[in-house]
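# Structural overview
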Amino acid sequence: MTDPAATRSRDSWATRAGFILAAVGSAVGLGNMWRFSYVAAEGGGAAFVLLYLVFVAVIGVPIMTSEFVVGRMSQESPVVAVQRLGGPKWAPLGWMFVFCGFGILSYYSVIAGWTMRYALDATRGIIGTDAGAYFQSVATGVPAIVTHVIFMALTIFIVVAGVKRGLERAALVLMPLLFLLLVALAIWAATLGGGAAGYGYYLRPQLGELLDPNVIRLAAGQAFFSLSLGMGAMMTYASYLTSKENLGREAATVALCDFGVAFVAGLVIFPVIFHFGLSSTIGLGGAISDNTVGTLFIALPAGLDSLGTLGRVVLSTFFIMLFFAALTSSISLLEVVVSAVIDGWGWSRKQAAIWFGVMIALAGLPAAFNLNFLDAADKFVGNFLLIVGGFFTAILVGYTIPAKADAELAQGMTDPALRKAWAFFVRYLSPVLLLIVIWFMLPTAWNALVTLLTLGRG
Ligand code: PHE
C-alpha cells in the first residue's frame, strides 16, 4: 500500500448523531444571535429576514450538501480534498478556506470573550441601566483582550486534547437548553407593551427592500456565515464520516436547526429593542452606530435588567449557553486550519493547534482594540470571502466532478429526481446568484479591505 491515506488511521464519527451534532454545533453560534441581530438591524429588519431564509434554503442547503459530498468522498482535510478531486489548480481554494478559518476565528474569539464577561457581570448587576455604555466599556481594550486570550486558550486546549467528543456531549444538553431558554424569552418578550412595532420591523417586509442590493448582500453573507459555509468547516467534519447517510437530509436538518435558533433570537431582540426604546442606541434604521455591532449585548441586558434578580440570573444563564455555542463553533474554525497544517506540512496536532492558535490570538488583537477593525474583518472575511468560497465550491462540484459527486450523493440519497434538483441548484442557480451577490459586495468588501490595511498598520 503506497497511498498514505489508506494506511493512516483517521478519526471518524461513531454515530450519525455525533456527526449531526458536531455540524449543528459548528453552525449554531455567535452567528445566530450576535451576528443575526446586528445584521438584521443593519439590513432593516423583515426584508433581510425573508431573504436570509430564501438564501438558506436555495443556496445554503445545496452548498452544504456539496461540502458534505466533497468531505465524505475525499476523507481528507479540505486543502488536500479539493486538489485530489479537482487537480492542483484548486489548491488556492483550499488555502483560502484556511485563511478564512484563521481570519474569522481571530475576531470571533473577541466576541466570544464578551459572552464570558457578560456571564460574570450579569449576576453582579453592573450591566443594567446603561447597557450601551457598559458595552462600550468592555467591548474593546484590556477587558476585551483578557477574555479573548482566555477563549482562544480554551479553543486550543480542546482541539489539542481531542476532547471534542466530551464537548459534544455537553452540547447535546446545552444547545436544546439554549433553544428552550430563547423560546421562553420570546414568550416573555411577547408580553411587553409596544412590542408590535418590534414584530412589524422584524416580520413585515416592504416589498421594495427585497430588491435592495444592500439587503441582498447582507442576507447572503449571513446565510453563509451562520451555516459555516464557504470555508471548508463542513467539509472537514464530513471527511470524518464513513457511513452512508443521506447527505441532503443531513444538510437540511442542520440548516433548519440553525435557522430556528436565529429566528427565535430575533423574536426576543426586536420587541425588546422597541419596548425599551433602544432604537437610537443601537442605530436602527440607517443610523448605523458603533453600537450596532453590539445589538444583542445591549438589548438583552437592558431588557432583562428590568426584571431584577431573576432577570440577571436569566441573563447570565443565557450568556453561559451562548459561550458554549461559540466554543463548538470556534473549534470547527480552528480545526480547518489545524487539519490543513497536519496534512500539508506533517505537523503534529498539538504543534499545529498551539502555534496557529497563538498566531490567531495575536491576529485578533486589532479587533479587540477597535470595533471598526472587527467590523471590517467580519465584512471582508466573514462575508465576502465565504461567498467567494461558496461560489468556487459550486463550480468544483457542479462542473469539475459532477458525475463523481452524484455517485457519492447517491449513497444515501437514492431518489434520482432529488439529486437532479440538487445538481441544478449547484450548477446553475447557486453560481448565478452568488455572482450577483459578489458583484453587490465588491464596494463594501473593498472598503473593508482598505480599513483593515490602514487600521492594521496604525
Ligand atoms: N456558523 C458559526 C456561527 O454562526 C460561525 C462559523 C462560520 C463557524 C464559519 C465555522 C465556519 O457562529
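It should be noted that the structure appears before, not after, this text.
The text that follows walks through the structure, step by step, so that each part is easy to find. (Residues numbered from 1 in each chain as written. Predicted model: local features only at pLDDT ≥ 70, side-chain atom pairs only at ≥ 80, totals over all residues. Heavy atoms only, no water.)

## Remarks on the packing of aromatic side chains
To keep it simple, the criterion reads: Paired rings are identified among Phe, Tyr and Trp, the last through its six-membered ring, by centres lying within 6.5 Å, and are further divided according to the angle between planes into stacked (under 30 degrees), edge-to-face (over 60) and tilted (the rest). Note on conventions: DSSP H or I runs of at least 4 residues are helices, E runs of at least 2 residues are strands, and numbering of each starts at the N terminus. Should the NZ of a Lys or the CZ of an Arg lie within 6 Å of a ring centre and within 35 degrees of the ring normal, that charge is described as sitting over the ring.
Inspection of the entire model under this criterion finds 31 aromatic pairs. For the ring pair Tyr118 and Phe297, a centre distance of 5.0 Å and an interplane angle of 75° mean the geometry is edge-to-face. Of the two residues, Tyr118 is situated in helix H6 (residues 91-123) and Phe297 in helix H15 (residues 295-305); the sequence distance between them amounts to 179 residues. By the ring-pair criterion, three or more aromatic residues cluster together here, those being Phe36, Phe48, Tyr52, Tyr201, Tyr202, Phe259, Phe263, Phe270 and Phe274. For Arg427, the ring lying beneath its charged end belongs to Tyr399, and the centroid distance is 4.4 Å.

## Remarks on the site of the ligand
Going by this rule: Near is defined per residue: the residue qualifies when any heavy atom it owns lies within 4 Å of the molecule or strand. Here a polar contact is recorded for every N or O atom pair within 3.5 Å, except that within protein the pair must consist of a potential hydrogen donor and a potential acceptor, and residues adjacent in sequence are included only if both atoms are side-chain atoms. The method behind every accessible area is Shrake-Rupley, applied with a 1.4 Å probe, and residues are considered shielded solely by the protein chains displayed. When residues are grouped by polarity, Ala, Val, Leu, Ile, Met, Phe, Trp, Tyr, Cys and Pro land in nonpolar, Asp, Glu, Lys and Arg in charged, and all others, Gly among them, in polar.
Residues in close proximity to the ligand total 15 residues, the closest being Ala27, Gly31, Tyr108, Phe225 and Ser228. Between the ligand and Ala27, the relevant distance is 2.9 Å, taken from an oxygen atom to a main-chain nitrogen or oxygen of the residue. Taking Asn32, its side chain carries an N or O atom lying 3.5 Å from an oxygen atom of the ligand. For the ligand, the accessible surface in isolation is 320 Å², of which the surrounding protein chains cover 100%. Of all the secondary-structure elements, those providing two or more residues to the shell around the ligand are helix H2 (16-27), helix H3 (30-42), helix H11 (213-226) and helix H16 (308-345). The residue inventory of the shell around the ligand, partitioned by class, reads seven nonpolar, eight polar and no charged.

## Let's talk about a nonpolar patch on the surface
Rules: Patch membership is restricted to residues that have no salt bridge and whose relative accessible area is over 30%. Joining uses 9 Å for like charges and 5 Å for the nonpolar side chains Val, Leu, Ile, Met, Phe, Trp and Tyr. What counts as a salt bridge is simple: a side-chain nitrogen of Lys or Arg found within 4 Å of a carboxyl oxygen of Asp or Glu.
Nonpolar side chains collect at one region of the surface, where Leu172, Val173, Leu177 and Leu180 lie side by side and expose about 370 Å² of accessible area between them. Tracing the backbone shows Val173 in helix H9 (residues 164-190).

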